[in-house]
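What follows is the residue order along each chain.
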Amino acid sequence: MTGVDFWRRVDEDLARQPMRPALELMPRHSTGEFSVYALSLTSVGPYRMFAYLSIPRGEGPFPAVLEAPRYGSVNNPPHWNDRLRYVVLTPMHRGQRLADQPFAAEYPGLMTQGIEDPDRYVMRAIVADCLRAAEYLFFLDRVDPARIAVRGTDLAVLIAARRPRFRALVVEAPYLHRIDEARQATDAYPLEELNDYARCHADGEAALARTLALFDPTAHAPDVTATTVVGIGDGHHDNREWLAPLLDAFPTPPEERVLTFRGGVDADWFDAWLAGQLGAAPMSRFSAVAR
Amino acid sequence: MQPGSISPRAKIGVERPADFDSYWRDVVAAASAVPLDATLTPLPDRSTPDVDVYELHYTSIDNLRIAGWYCTPRQERVAGPYPGLVISPGYISEPLIPKSWSRLGYAALALAPRGKLRSNARFNPGYPGLLVHNIVDRDTYSYRGFYMDAYRGLDALLGRPEVNPARIAVYGSSQGGALSIVLAALRSDVVKVAVVGAPYLCGIRDAARLTHSYPYEEINEYLRAHPDHEQRLEETVAYFDGLNFAPSISCPILVHLGTADDVCPPETGLALYDRLDAPKRLVVSDGSGHDAGAHWLGDVVARFLADGLRGER
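Thresholds applied
- Residues numbered from 1 in each chain as written.
- Chains lettered and ligands numbered in written order.
- Predicted model: local features only at pLDDT ≥ 70, side-chain atom pairs only at ≥ 80, totals over all residues.
- Helix = DSSP H or I, 4+ residues; strand = E, 2+ residues; numbered from the N terminus.
- Rg over C-alpha atoms; globule rule 2.2 N^0.38 Å.
- Buried ≥ 20, exposed ≤ 12 C-beta atoms within 10 Å, placed from the backbone.
- Contact = placed C-beta atoms within 7 Å.
- Pairing = 2+ DSSP bridges.
- Axes fitted to C-alpha atoms, helices over the stretch in contact; angles between N-to-C directions.
- Parallel < 35°, antiparallel > 145°, perpendicular 65-115°, else oblique.
- Left-handed = near helix turned anticlockwise from the far one by under 90°.

Moving on, we get to the overall build of chain B. On a plain count of helices and strands, chain B comes out with ten helices and nine strands. For 313 residues, the compact-globule estimate of 2.2 N^0.38 gives 20 Å, and the C-alpha radius of gyration of chain B, at 19 Å, lies within 12% of that figure. When the backbone C-alpha atoms are referred to their principal axes, chain B occupies close to 60 × 40 × 35 Å. Scored against the burial criterion, the 313 residues of chain B give a buried share of 57%. Here the analysis covers contacts within chain B between residues at least 6 apart in sequence; of these, 73% occur between residues at least 24 apart.

Pasting the structure below:
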């Protein structure tokens, strides 16, 4: 089975499954400047997933941002600053809180769930959930279709590649890239989940290599059409040399942001870059409230 | 205020309720009256040649079963007794299995207080939700039980025969920092050293005024919906504010924070530091956010904890 076949079947599964979105206003999170909704929609399985949707008050169309889910049980609602400037869609993939019935993800545990078979690997369904969210965002009438971005870990690369309608892609912190190599040099979770699996399964090493290769962003980057920035670290598994195969795989060389690891500085830089791509004003989260 | 500037400090404050100490004496007594019933389940699939991994469960106040990940060095590699380390999680984070700390020689317990996965069967206010759950009533406020889950987790650690009860450390960032402050204060007889990063739940009411980031944004949202609750909210959170626990801490404590932290405003961490009357060290990372300089501080934290336990027998 090739990666092309694997991902084509994901698309076919999604296409067969009606989305059937439902919106409910969340007054607690809404103000006179934006409205926040609880969005439920159906992904492959079928599975009912959840997303926060925030829309600025006004006519629009507005630039939009899709936030790729983090690896963890909780994603915060969209940040205040982003609600003011963008339509923001923040999906919870299956297993995360608010999308945890009937399936509640375990941490540790999620990363290896079904990993012995790529078709049963939970990450296949998680990527499908993210693609479903993208599909929803593309057709919102108050979204400017020429100004849509996706940001997050390198999960965002898969989204941007599989649904190449994004103007901008922000990869703040790659972790799926060469993950099968990276996990062998650490005992820190979540990568240690993979090591636990390899220790306890006779053919674990082979299964990990076979399945994880399908999710390496390097295999997807050639299909990215968005203007891209990638965060470059200073560690063994996030430095320029380590990331070179990924960086070289994009059809257009991405901008490389050398991280300072001063979170406020880095966050402001990425915010300004994205705002520039989407025609919005930069806003610092730290300065969101006057002191 | 721009990154690099961490003044003024004077904005942060909270009144210490006159019955603060007696309130917590009563809560601790109620929590301690519940049999701990600690159970340890080996997890061979998570264990390594260096570290044994277990899942710990114990009963806390309100008769809730609470979970934790517990790691010890392999007895055949490193003989006990081991220094004990309680690691508390951040607000939206799940506790990580603390193998790396056991490789350094600790019996390490990573807590999953109520509402966290594996401890949420009967109490699950969600995220957002936990911070404002019953926030107008100190007797049922979420953090009353949450703090006691940490307190009783330390009891569970102290009950382990392989742990040296004279060598106990606490460590955490953000909400983990808040819980570490509470443990160092309420268990000042036991906790010998603490490390607190980007401390949360310090100057709670002022912190919410200084940010639009979660989790403090939960308070702003709550008060937009219930402006008439403000006084009762302030009365409640005063009992749970780290600034009011700080004076009870006597062990050496390291506080680290970032000058551009939008989640836990740096002014609040500085206010905590100012209120500490214990051997203390402050590391301020210019331009750092809620990471609080963690990228560079791994060795500093490990050394501070080890130094704090040195000499304890």
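Here the narrative resumes.
Another point: the sheet that holds strand 4 (residues 82-88) of chain B. Residues and elements named next belong to chain B. Spatially, nine strands are ordered 1-2-3-5-4-6-7-8-9 in an open sheet, and the strand pairing comes out mixed. Taken across any chain shown, the strands that pair with only one partner, and hence form the sheet edges, are strand 1 (39-42) and strand 9 (280-285). Along the sheet, successive strands turn relative to each other by an average axial angle of 20°, direction set aside. Relative to strand 5 (residues 107-112), helix 3 (residues 142-158) is tilted by about 155°, and along the sheet it contacts strand 2 (51-59), strand 3 (65-73), strand 4, strand 5 and strand 6 (163-173). Of the strands in this sheet, strand 4, strand 6, strand 7 (191-197), strand 8 (253-258) and strand 9 are in contact with helix 10 (residues 294-309), which crosses strand 7 at around 170°.

Residues and elements named next belong to chain A. Ordered in space as 1-2-3-5-4-6-7-8-9, the nine strands form an open sheet in which the pairing is mixed. Looking at strand neighbours, the two that pair on one side only are strand 1 (22-25) and strand 9 (255-258), the edges of this open sheet. In this sheet, adjacent strand axes meet at a mean angle of 20° when their direction is disregarded. When strand 8 (residues 227-232) meets strand 9, the two strands line up parallel, connected through four bridges. Looking across to strand 9, one finds that Ile 232 is bridged to Val 258.

Here the focus is the interface of chain A and chain B. In this complex, chain A contributes 31 residues to the contact, which on the side of chain B involves 36 residues. Of all the secondary-structure elements, those providing two or more residues to the side of chain A that touches chain B are helix 2 (80-85), helix 6 (192-200) and helix 10 (263-278) of chain A. No other element matches the four residues that helix 10 of chain A contributes to the side of chain A that touches chain B.

A word on the environment of Gln 175 of chain B. All names here are of chain B. Along the chain, Gln 175 turns up in helix 4 (residues 175-186). Taking the C-beta count within 10 Å as the criterion, Gln 175 has 25 such neighbours and is therefore assigned buried. C-alpha of Gln 175 to C-alpha of Glu 76: the two residues are 99 residues apart in sequence and 35 Å apart in space. Contacts of Gln 175, omitting those with residues within four sequence positions, involve Ser 88, Pro 89, Gly 90, Tyr 91 and Tyr 200.

Residue and element names in this part refer to chain A. Turning to its location among the elements, Arg 210 is positioned in helix 7 (residues 204-212). Assessed through the 16 C-beta atoms surrounding it within 10 Å, Arg 210 is described here as partly exposed. In the structure, Arg 210 is positioned 52 residues away from Arg 262 in sequence and 36 Å away in space, judged by C-alpha atoms.

The next subject is the packing of helix 3 (residues 122-138) of chain A against helix 4 (residues 155-162) of chain A. Residue and element names in this part refer to chain A. The N-to-C vectors of helix 3 and helix 4 enclose an angle of 55°; their axes lie 10 Å apart at closest approach. Taken together, the axis directions place helix 3 and helix 4 in an arrangement best described as oblique. The handedness of the crossing between helix 3 and helix 4 comes out as right-handed. Here helix 3 contributes Val 127, Cys 130, Leu 131 and Ala 134 to the contact with helix 4, which in turn contributes Leu 155, Leu 158, Ile 159 and Arg 162.

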